[in-house]
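The lines below spell out each chain.
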Amino acid sequence: MVRIKKESPDRPDNTAFTQQRLPAWQPILSAGIVIPGFVLIGLAFIGVGVGLFITSRDIQVLEIDYTGTDQTSDCNKCTNPNTKNCVCTLSFNIDTLFKGPVFFYYGLTNYFQNHRRYGVSRDYKQLYGDLANFKDPSTDCAPYRLDSRNNPIVPCGSVANSLFNDTFKLYQIVNGQRNVVPFDGKGIAWWTDYNVKFKNPDVTPLQNAFNGTVKPLFWTKAVYELDFSDPSNNGFINQDFLVWMRRAALPNFRKLYRRIAEENYTNGLPAGNYSLEISYNYPVLSFNGRKKVVFSNVSWMGGKNDFLGIAYLVIGSLCVVMSVVMLIVYAKFKFPEDD
Amino acid sequence: MGMDFSTLRTLISRYCVGEENWVDSRTVYISHKEPPPGTEAFIQQRFPDNRIVSSKYTFWNFIPKNMFEQFRRVANFYFLVIFLVQLIIDTPTSPITSGLPLFFVITVTAIKQGYEDWLRHKADNAVNKCPVHVVQDGKVTCKQSRKLRVGDVVFVTEDETFPCDLILLSSSRDDGTCFVTTASLDGESSHKTYYAVQDTKAYKTEEEVSSIHATIECEQPQSDLYKFVGRINIYMNNEPVARPLGSENLLLRGATLKNTEYIYAVAIYTGMETKMALNYQSKSQKRSAVEKSMNDYLVVYLCILISKAIINTALKYVWQADPNRDEPWHNERTEAERQRHILIRAFTDFLAFMVLFNYIIPVSMYVTVEMQKFLGSYFILWDDEMFDEELGERAVVNTSDLNEELGQVEYVFTDKTGTLTENNMEFIECCVDGHVYVPHAICNGQVMPGSDTIDMIDTSPGPDARDREELFFRAVCLCHTVQVKEEETVDGIKHGIHQGKSSSFYISSSPDEVALVEGMNRLGFTYLRQKDSHMEILNRDDKVERFEVLEVLSFDSVRRRMSVIVRCSTGEVYLFCKGADSSIFPRVISGKVDQVKARVEHNAVEGLRTLCVAYRCLSPEQYQEVCHLLSRAKLALQDRDRQLAEAYDLIEKDLILLGATAVEDRLQEKAADTIESLHKAGMKVWVLTGDKMETASATCYASKLFRRNTQILELTTKRTEEQSLHDVLFDLSRTVLRHYGGMTRETSSGLSDDYTDFGLIIDGATLTAVMRPGQEGSNSGNYKELFLDICRNCSAVLCCRMAPLQKAQIVKMIKTSKEHPITLAIGDGANDVSMIQEAHVGIGIMGKEGRQAVRNSDYAIPKFKHLKKMLLVHGHYYYIRVSELVQYFFYKNVVFIFPQFLYQFFCGFSQQPLYDTAYLTLYNISFTSLPILLYSLIEQHINADILKKDPSLYKDIAKNSLLKWSSFIYWTALGIYDAIVMFFGAYFLFDNTTFTSNGQLMTTNTQMMFGNWTFGTLVFTVLVFTVTFKLALDTHYWTWINHFVIWGSLLFFVVFSLLWGGIIWPFLNYQRMYYVFMQMLSSGPAWLSIILLITTCLLPDVVKKVICRALWPTTTERIQTKRRCLASEPSTIFMLSQTSSRMSF
């Protein structure tokens, strides 16, 4: 059986791809690359780690618990849930200059802002100023959607309802006199939250938009009364409200309250005695929570965080150690065999 | 496609069983004429019409049926359930997260299947509507093919394809034969002769044909193309005549009429009952070892998933026991929720956790694995090295499910003839009564004396011897089934055979026969043709001798011989018989048995294929008896084969030995090299052949299966005759084990070089004895175990004298032995089909014995030598690729989901998802899918040339080594470690600290707090980068495509995140990701911690790799390192090889 011989139509294409012969770089994780690589990475990490650690060391942090569980604390009197409009004072002194700008935070512990049921209980459209959702808030907000007489709550939902409502005033005691330390509450929330995600309804006066609605049950004043003095900080775009509405990732969290960087305090808080006046409203004892205030300054890498620096140092040294181990292993087992 | 045919068939059979009389034969009325009264009352049966339905769906049932089929797959069903749970209960993630991928997968599959089905519909329509000529009322009319019914008489002209299975009634040729090619059925392009029923072959016009009054009884359709039994009852003059019908009368649908002007035939099987339709079904599904491990892992992950959900649910209720934790004042339940029963709440929580963690079982893994297998198999098709120019064929992939199994083979079972050898037979010599004739010597008018061992009576044979010699030549010229193919010339005129000129050639299903007939031609006797049941021979004196062929007792592999009964012109009746020596000698009563036997054995040792020829003179009475025996057997409807075999046994006896022939079958090109490579790769090669021991072992030596230092153990009938099987077996096992004990000592002293390996030879009869379930119960089990024990220690085993079924039995025995090794069977002929189907991987060789093996195989290659590349290169690559794919998929999903599990401990077990919906949905679909798919298509850890050069590398991946439980645990542990690093890394950065954006990049002096979505995004960013880098570390072969896909998918992630967070998307009712990614990136510590966490995650894996490479290097790693040392500049070598290949002198 003779077949006519010519280029068969069935012959496969002879290209680099079909024949699996594409030119390729074929690296191998050999000791020759890995050991120097590890040394380099290790040294770089140690360098970064030292930098971070020193920076973090220089950051001053002052943290004061004012929950009032301690009998001696002035705030102990406010822990009784029946007392209304309780004001307590916290005294502390600063030894050396607290370099500015100083950031003033409030902190809560054992508070599950990341709980799913809590987190979904909000109405994005309502907070965007959509009047339709003023009349009929999203069902996500239940049980903080309607009050007992079926009036819609604005802003609805558990996040808004549980807005942190302790307020603080800081005084420096100079010669027995109380000097108010000015707070700056501007720009503490995300720019996008303030300008894009949250909007007041386009109604003047703002109050009229809220006809037929009620304020959240826990609130003492309505949302349009948060800051009468400054319309750009009132309603849904109130900075404190915005900060609260961004849920914390973990159950122990701090939220920014104010900055101290004005008048005499541009360089920070000078050494001396201070008194913090707290209007104590927010109940936390029922769920074993704690409340605290924190003064802190920042560096190029943010707030005080020893962890990052230490982690860099540890991983960097591990890299170096591992490269030594690998070197020993190679010297002992690998090289004679190669010949 | 196979599915619906098999269901259809079960439906048919059920339907038939349901009918009160289950009939295993059918009665067909030719032209629908009732039989004359008085004959047996037949039950009228209903037959399907001639519609071929290869499509699965109709327009109406496509959606429900396709959905049903798709959701029958466990994975799809699982995701459907998850999706439904998400729809019904209040779950943490939106139904989109699992609905979208599921919808995507289902839609793509449905579109693909729908398109394929549409093509099938089109093809079906074309077939079903094509016109067919039917004889009705004495006239030929035209009908659509689908309207054809059983019993119709069909008129087919030359080059037309048969519309259904037909019984040939008459043809345009006077002898009632027609020629048919079955190329589309089994690939055999040779013309086969079919015969019309003797009593109807004279009916040659439509009027005559429609006057035939007959019924056909035949078996119900079965799928075997080569089996058919039936009977035709012809009512002539009201006196029924019964004639047997066999497969030689049956024209199959799909075959084409050739060299015959027209035929008349009656339809007996139509539509879906034709043998072609019954053969559509795919073979039983084979599953690869990798797939099995994958399913095991899935079960483990399902357990992990369920236990995670249970742990979290339980902890949730423990934690919530304090009502202030359950419902603090700021986070109360609705009244409806409070009312709900605690058990219902707990169950809903359990389901919600299941939904939250369900991504640990990746929907995309199935899709990716399937795509990998489908696309990857193209590399086999495309391989130019596996293309054979001589045949003009390339490798064929019949199933892509077993690609990686090619890298796991431990036992290779190979056929000899046509697989190891060329199956290109050449006549070497023949021996008549001890005189040896070599063709070219004869041409010079000389008779070559054989070797000294043969006792020559006379160098110039006397007149008596000359008669015997001519009788022998005639016998060889007559006793065969060779056809003469007439070559068509350009202008279409058909030439008859002209004294063996090259315008014609011989065709036969057995190459041996062609070689013999051609050899006889060179010795002076030329077979001309068969005409009107006469065979014509041109003898040495250029005279035509005619012999009337009375009967042909065709060849079968059990009997191993064939016979013809002819009447010569002088009127004497001869039976010529030709067959294997073992089947001829016992039946010989006279002749020079000893001389012939000596020559046969001598030839067999030389590796030649020998056949013995004998004859018997039949007296008229004997001939009558023979006719009687045969016709009775042929008319039987049941057990016809057995009855025929018995009849043959009675007829082929009292033979007179004439002589023997020797035919050489050359080894295939590079067969020895291939076998040697397979040995080095740690595979055990078994040769299973029907040949006799001496021939087969000579081939084995030639192909280096046995080497000179191989110690041969024989387990043959000869030995078991001397000793009992029991003793022989124990003897052999003692030899093997003693050596084995000695060998360990040798290897420990470093003298392993000169150890001899063992080769075992076993024959079919002994094997049956070994495998036979014994009479003494326990003893027989021992035999089998003992035998397996011996086999395990032999590097090569030769099984000779095997029947096809025994081949499959051996494969099955090894397959089910206690180590469950992976077996591969390779063969080229129909007799290898059973073992090809039995073995884990079946490979067909595109040989000369038709396409049966190729059709039934999983892969087909043109030549045996291609097996080397198939296993050592393709198999190795596919295994490496798929195992990495599987391990990596599980790994990346552990890393993905475990942080989410950890987060539950910090969010009050409230099922708060860590990642945003878009990330949950797209992680497996787009961020991490392409790099691994590409890796699994083009990774090459070592160059293909090295794999071929160093077969021992194959041992590195033996026994599914990359998917062992230990490595699975390593991957999972690595995943959990990475997850812990990511989660707690982010945790410590957020917890109790001001992890903030200090805003120096944006506006001065602002300090903004990060929320929970930033936390999740940080973890997710680290996750995507770590997982991709991990794959990059594992990649050994970086083509531009790898670079493009790996860096591209990271870039895609970043771009997507920027877009997703950068725009207020109108269709979303929440914008929780708005600017989250950008805010995160604007913070210095975020960058620093991303770098830190990625490094920490990758560190242990790199260290492990480097240390393992130094301390316990695998052969693969040694070679990789060595190659690196030798070729410090690999690109130069690449260029050199390029230039050298370009420079062709």
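Per an unreviewed UniProt entry, chain B goes by the name Phospholipid-transporting ATPase and belongs to Austrofundulus limnaeus. Comment text from UniProt for chain B, heading Cofactor (unreviewed entry), reads "Mg(2+)". What UniProt records for chain B under Subunit (unreviewed entry) is the sentence "Component of a P4-ATPase flippase complex which consists of a catalytic alpha subunit ATP11A and an accessory beta subunit TMEM30A."

The name given to chain A in an unreviewed UniProt entry is Cell cycle control protein, and the organism recorded there is Austrofundulus limnaeus. Regarding chain A, the UniProt comment filed under Subcellular location (unreviewed entry) reads as follows: "Membrane". Taken directly from UniProt, the Sequence similarities (unreviewed entry) text for chain A runs: "Belongs to the CDC50/LEM3 family."

In this section: the overall build of chain A. Along chain A, the regular secondary structure elements total 8 helices and 10 strands. Computed over the C-alpha atoms, the radius of gyration of chain A is 31 Å, more than 25% above the 20 Å expected from 2.2 N^0.38 for a compact globule of 339 residues. Expressed as a percentage of the 339 residues in chain A, the buried residues total 51%. Of the contacts made within chain A by residues no fewer than 6 positions apart, 79% connect residues no fewer than 24 positions apart. As presented, chain A carries roughly 16100 Å² of accessible surface, and 55% of it is formed by carbon and sulfur atoms. In chain A, 35 side chains carry a positive charge and 29 a negative one; their mean positions are 5 Å apart.

Let us look at a nonpolar patch on the surface. There is a patch of nonpolar side chains on the surface, built from Met 371, Phe 374, Leu 375 and Tyr 378 of chain B and spanning about 340 Å² of accessible area. You can see Met 371 of chain B is positioned in helix H12 (residues 363-376).

The 6 strands lie next to each other as S3-S2-S4-S13-S5-S11 (chain B), forming an open sheet whose pairing is antiparallel. The sheet terminates laterally at strand S3 (139-144) and strand S11 (250-251) of chain B, the two strands that pair on one side only.

By the definition in use, this model includes 3 disulfides over all chains. Between the sulfur atoms of Cys 141 of chain A and its disulfide partner Cys 156 of chain A the distance amounts to 2.0 Å. With a gap of 15 residues between them, Cys 141 of chain A in the loop between helix H4 (132-135) and helix H5 (158-161) and Cys 156 of chain A in the loop between H4 and H5 connect regions that are remote in the sequence. The exposure class of Cys 141 of chain A is buried, given its relative accessible area of 0%. Note on Cys 156 of chain A: relative accessible area 2%, which makes it buried. Sequence-ordered numbering of the disulfide-bonded cysteines in chain A gives the connectivity 1-4, 2-3, 5-6. Take Cys 164 of chain B: it sits in no disulfide, and the sulfur closest to it among the cysteines is that of Cys 130 of chain B, at 11 Å. The closest cysteine sulfur to the non-disulfide-bonded Cys 1108 of chain B is located on Cys 319 of chain A, 18 Å from its own sulfur.

Our next topic: the packing of aromatic side chains. All names here are of chain B. Inspection of every chain in the model, using the stated rule, returns 108 aromatic pairs over all chains. Ring geometry for Phe 374 against Tyr 378: centres 5.6 Å apart, planes inclined by 90°, an arrangement best described as edge-to-face. Judged by its relative accessible area of 45%, Phe 374 is partly exposed. On the numbers, 5.9 Å between centres and 50° between planes, the contact of Phe 927 with Phe 1052 is tilted. One end of the pair, Phe 927, is in helix H31 (residues 917-927); the other, Phe 1052, is in helix H36 (residues 1040-1062), and 125 residues separate them in sequence. Owing to a relative accessible area of 0%, Phe 927 belongs among the buried residues under this scheme.

Residues and elements named next belong to chain B. Strands sit in the order S1-S8-S9-S10 across an open sheet of 4 strands; the sheet is antiparallel. The open sheet has two edge strands, strand S1 (25-29) and strand S10 (239-246), and neither has a second partner. Taking each pair of neighbouring strands and ignoring which way they run, the sheet shows an average axis angle of 20°. Pairing of strand S8 (residues 214-219) with strand S9 (residues 229-236), which is carried by 5 bridges, proceeds in the antiparallel orientation. Paired with Glu 217 across the strands is Arg 231, a residue of S9.

The next subject is the UniProt feature "active site" (unreviewed entry) in chain B. Residue and element names in this part refer to chain B. Here, UniProt's "active site" (unreviewed entry) annotation points to Asp 415. Among the secondary structure elements, Asp 415 is positioned in strand S15 (residues 411-415). Here Asp 415 is in contact with Leu 420, Leu 688, Lys 807, Ile 826, Gly 827, Asp 828, Asp 832 and Met 835, once residues within four sequence places are set aside. Among the polar contacts made by the side chain of Asp 415, one reaches the side chain of Thr 419 at a distance of 3.4 Å.

Turning our eyes to something else, we now look at the environment of Pro 270 of chain A. Residue and element names in this part refer to chain A. Positionally, Pro 270 belongs in the loop between strand S8 (268-269) and strand S9 (272-280). As a C-alpha pair, Pro 270 and Lys 99 span 171 residues in sequence and 8.1 Å in three-dimensional space. Each residue touching Pro 270, except ones within four places of it in the same chain, is listed here: Ile 94, Leu 97, Gln 172 and Tyr 265.

Bringing the interface of chain B and chain A into the picture now. Taken together, the contact pairs 109 residues of chain B with 92 residues of chain A. Summed over both partners, the interface of chain B with chain A comes to about 9200 Å²; 60% of that surface belongs to carbon and sulfur atoms. Seen at the junction of chain B and chain A, the total is 4 salt bridges. The dominant element in the side of chain B that touches chain A, judged by the number of residues it contributes, is helix H38 (residues 1084-1111) of chain B, at 16 residues.

As a further point, take the domain arrangement of chain A. When the domains of chain A are assigned, the result is domain 1 (35-59 + 300-333) and domain 2 (68-98 + 112-248 + 270-290). Each of domain 1 of chain A and domain 2 of chain A was reduced to a C-alpha centroid, and the two centroids are 43 Å apart.

This paragraph deals with the domain arrangement of chain B. Partitioning chain B into structural domains gives domain 1 (51-131), domain 2 (148-279), domain 3 (396-419 + 668-738 + 757-770 + 783-861), domain 4 (427-445 + 464-488 + 503-666) and domain 5 (881-996 + 1009-1094). Just the C-alpha atoms count here: the centres of domain 2 of chain B and domain 3 of chain B sit 40 Å apart.

Turning to the UniProt feature "transmembrane region" (unreviewed entry) in chain A, a few remarks are in order. Residue and element names in this part refer to chain A. Under the UniProt annotation, the feature "transmembrane region" (unreviewed entry) is placed at residues 28-54 and 310-331. The straight-line gap between the two end C-alpha atoms of residues 28-54 is 38 Å; of that span, 89% is helix and 0% is strand. Counted over residues 310-331, helix gives 100% and strand 0%. Its end C-alpha atoms are 31 Å apart.

What counts, and at which threshold
- Residues numbered from 1 in each chain as written.
- Chains lettered and ligands numbered in written order.
- Predicted model: local features only at pLDDT ≥ 70, side-chain atom pairs only at ≥ 80, totals over all residues.
- Heavy atoms only, no water.
- UniProt positions renumbered as here; feature names shortened; annotations may be inferred.
- Helix = DSSP H or I, 4+ residues; strand = E, 2+ residues; numbered from the N terminus.
- Rg over C-alpha atoms; globule rule 2.2 N^0.38 Å.
- Buried < 20%, exposed > 50% of the residue type's maximum accessible area, 1.4 Å probe, protein only.
- Contact = heavy atoms within 4.5 Å.
- Areas by Shrake-Rupley, 256 points an atom, 1.4 Å probe, with all protein chains shown as cover.
- Lys, Arg positive; Asp, Glu negative; His and termini not counted.
- Charge placed at Lys NZ, Arg CZ, Asp CG, Glu CD.
- Patch = residues over 30% accessible without salt bridge, like charges linked within 9 Å, V, L, I, M, F, W, Y side chains within 5 Å.
- Salt bridge = Lys/Arg side-chain N within 4 Å of Asp/Glu carboxyl O.
- Pairing = 2+ DSSP bridges.
- Disulfide = S-S within 2.5 Å.
- Phe/Tyr/Trp six-rings, centres within 6.5 Å; stacked < 30°, edge-to-face > 60°.
- Axes fitted to C-alpha atoms, helices over the stretch in contact; angles between N-to-C directions.
- Polar contact = N/O pair within 3.5 Å; in protein donor to acceptor, adjacent residues only side chain to side chain.
- Buried area = accessible area lost by both parts, 1.4 Å probe.
- Domains from an automatic or database assignment.

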